[in-house]
Amino acid sequence: MTWYRAMTLVIAGLIWPLASLSDQAAEMKLLASTAIKSALEEMGPLFEKATGDKLVFTFGPAAVLKGQIDQGAVFDVSVLTGPLTDALIQSGKINAAVSAPIARAGLGVAVCADATTPDVSTDAALKAALMNAKSIGYNGVGASRSGSETMIKKLGIADALQPKIKLLNESAPVAVARGEVEMGLGPVSEILPVAGARLAGPFPADVQSFLAFSAGASNATKNARDAKLLIEYLRSPAGAAVLKSKGMEPG
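Here we summarise the structure given alongside this text. (Residues numbered from 1 in each chain as written. Predicted model: local features only at pLDDT ≥ 70, side-chain atom pairs only at ≥ 80, totals over all residues. Heavy atoms only, no water.)

What to know about the nonpolar core
Ranked by size, the top nonpolar core spans 54 residues in total, and within it I36, L126, L130, M151 and L185 carry the most contacts. Ranked by residues supplied to this core, first place goes to strand β4 (residues 94-112) with 8 residues. (Core = buried A, V, L, I, M, F, W, Y, C linked by side-chain atoms within 4.5 Å. Buried < 20%, exposed > 50% of the residue type's maximum accessible area, 1.4 Å probe, protein only. Helix = DSSP H or I, 4+ residues; strand = E, 2+ residues; numbered from the N terminus.)

Written out as structure tokens, the structure reads:
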């Protein structure tokens, strides 16, 4: 039995008993952080096959998506960082009863796929790699910016690196793959799927930061049952297996 077939059967067992209660398939709008993009793109077709629903994704920095929701963007489910999800619950945009933690992602270092991979396994090695890099980039509006800057401050090289840091409007590994910066900092889950970029390694444990992601159903959704089912799927053993394969820690 292939891995894909096994996953489909597991998901079908979770979803089909409930899906049969629906009179017709729904189109579900998801707003999700770029850090969880590769996992959702893999899980999405399996969910669609099992339920008949159509998933429409919008990916971007979590803060940007939260701003769109605040301004009235229509959605059924969001997958954003925990604090932003909590803020949307408080503002009445997300149903507190249909929200749950999904996963967390650690930060890492991206380099060009054909470049020599620097050692970043210890504080001293990471410090040397950053000091030797000609340019360093991280997303200027992404949730990972704070973790990257905290790591740099802990290593005591914030002033030395300032002239070669570039704040990006896109995912750091994408900029690395395009040759815009030599080294990119961001969630490991964003680095792994980018062609042309490679994970040099996660930040060492004592300077590591994690982004925690939560899913929530819109209070305005017309597909409340399907939204709840999708969130349950993201938290299922099948969903957890995909999240792990994409460099995230489920739960």
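Here we look at the packing of aromatic side chains
All told, the structure shown has 2 aromatic pairs when counted by the stated rule. Both rings, one in F57 and one in F59, keep their centres 5.2 Å apart while their planes meet at 15°; by these two values the pair is stacked. One cation-aromatic arrangement involves R104 over F210; the distance from NZ or CZ to the ring centre is 3.7 Å. (Phe/Tyr/Trp six-rings, centres within 6.5 Å; stacked < 30°, edge-to-face > 60°. Lys NZ or Arg CZ within 6 Å of the ring centre and 35° of its normal.)

Regarding the pattern of salt bridges
Going through the model one piece at a time under the given rule, you end up with 10 salt bridges. Salt-bridge contacts for R178 lead to E180; the nearest nitrogen and oxygen are separated by 3.9 Å. For D226, the salt bridge identified is with R225, shortest N-O distance 3.1 Å. The class for D226 is buried, based on a relative accessible area of 7%. A relative accessible area of 31% places R225 in the partly exposed class. Each of E170, R178 and E180 takes part in a single network of salt bridges with overlapping partners. (Salt bridge = Lys/Arg side-chain N within 4 Å of Asp/Glu carboxyl O.)

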